[in-house]
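Inside the fold
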Amino acid sequence: MARIPWESYDNYGVNVKWAKHYCSNHQILLVGEGDFSFSYSLAMAFGDASNIVATSLDSYDVVIKKYERAKANLDILYRFGAQLLHGVDATKMKLHTDLQMRKFDRIVYNFPHAGFLGKEYDNRVITKHKNLVCGFFKNASRMLRPYGEVHVSHKTAYPFNLWNIEELASQNSLSLFEHVKFEIEDYPGYNNKRGEERGYPNIVMNHAPIVNNSQCYWVFREYFDHALLTYGQADDYIFHSVPHMLRIGFERCRAESNVNPSNDYISHLKELQCVCKRRLAYLQNRLLEIDQPYGL
Ligand SMILES: C[S@@+](CC[C@H](N)C(=O)[O-])C[C@H]1O[C@@H](n2cnc3c(N)ncnc32)[C@H](O)[C@@H]1O
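Residues numbered from 1 in each chain as written. Predicted model: local features only at pLDDT ≥ 70, side-chain atom pairs only at ≥ 80, totals over all residues. Heavy atoms only, no water.

What to know about the packing of helix H1 (residues 37-46) against helix H3 (residues 70-79)
Each pair of packed helices can be summarised by the angle the axes make with each other and by the distance between the axes. Interaxial distance between H1 and H3 falls to 9 Å at its minimum, and their mutual angle equals 40°. Taken together, the axis directions place H1 and H3 in an arrangement best described as oblique. As H1 packs across H3, the resulting crossing turns out to be left-handed. Along its contact with H1, which presents Ser-37, Ser-39, Tyr-40, Ala-43 and Met-44, the element H3 presents Asn-73, Ile-76 and Leu-77. (Axes fitted to C-alpha atoms, helices over the stretch in contact; angles between N-to-C directions. Helix = DSSP H or I, 4+ residues; strand = E, 2+ residues; numbered from the N terminus. Parallel < 35°, antiparallel > 145°, perpendicular 65-115°, else oblique. Left-handed = near helix turned anticlockwise from the far one by under 90°. Contact = heavy atoms within 4.5 Å.)

Pasting the structure below:
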């Protein structure tokens, strides 16, 4: 079961949201992202990504070709204000133009891996992986704010235990603070990526109509954007993403309504329900047309 992100207040009384070890007011750098689903998961938990810098080694074009969900994740991160960088080598990132002046509270590399270069127990392969992690630590250790942390998720079974991650960290002036079991349920929407991914088949057809000049559209614009972005794709985390988008609509109503935000919200919600029913009917008809192209 997915855990719900929790909230607290910082020293200045500002409301902050937490997702496990990460807080919405942390400056967070994510390195070696695959389909950007981990960054996406944090952004969704915080309702904001303006403190997130998410990076991949691969170029944008390669990322969206490799991973089915990458484009949707990147689009949403962009909308939530994340800085997105591609072509960032973890072993040289300190020198990257957009990173050289930056310091972070959390620098995260989940499941570092130098690529499929042979058997994982082969010494030469292990050395490649260790060089990657060592280079990452070397750079990350110089990019931390005071009390900052570097996080690496890593398999601990043989042969991955041969990487000696702790030793690599200590060679780069980092000391172990805590071992924590990585629970994927803590990060709804996160898909750990091993490399090339086989995608879901996409249903290709025109977007269902959405009238975008109504008050309802304005209040729930993230919901509609999300519906369009995920259109025709399997949305594995719909039970998290849809309530989240609706909640953003409620926050907007509350912020803008002078009289009774709940009444306004309910009336917009009813309109949204009608729009959704119309949209569903349209999609069902289109599917029937595709199934029975000759009207059989
Ligand atoms: C096993 S995948 C993990 C991807 C992602 N972090 C996740 O948890 O889903 C390893 C990732 O490391 C990236 N990578 C390999 N060498 C790298 C390097 N020198 N700098 C940055 N990323 C690198 C690969 O592109 C790949 O995305």
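Comments concerning the pattern of salt bridges
When the charged atoms of two side chains with opposite charge come close together, those side chains can pair. A complete count under the given rule lists 9 salt bridges for this structure. Notably, a salt bridge pairs Asp-186 with Lys-20, separated by 3.7 Å at the nearest N-O pair. In this pair, Asp-186 is assigned in the loop between helix H5 (165-170) and helix H6 (215-219) and Lys-20 in the loop between strand S2 (15-19) and strand S3 (22-23), connecting sequence segments 166 residues apart. For Asp-186, a relative accessible area of 8% translates into the label buried. By relative accessible area, which is 33% here, Lys-20 ends up partly exposed. (Salt bridge = Lys/Arg side-chain N within 4 Å of Asp/Glu carboxyl O. Buried < 20%, exposed > 50% of the residue type's maximum accessible area, 1.4 Å probe, protein only.)

Topic: the sheet that holds strand S8 (residues 144-153)
With respect to topology, 5 strands assemble into an open sheet ordered S6-S5-S4-S7-S8, the strand pairing being parallel. Every other strand in the sheet has two partners, leaving strand S6 (83-86) and S8 as the edge strands with one partner each. Sheet twist, expressed as the average angle between the axes of neighbouring strands with direction ignored, equals 15°. In this sheet, strand S5 (residues 52-56) lies alongside strand S4 (residues 28-31) in parallel orientation, the contact comprising 3 bridges. Its bridge partner being in S5, Ile-28 is matched across the sheet by Ile-52. (Pairing = 2+ DSSP bridges.)

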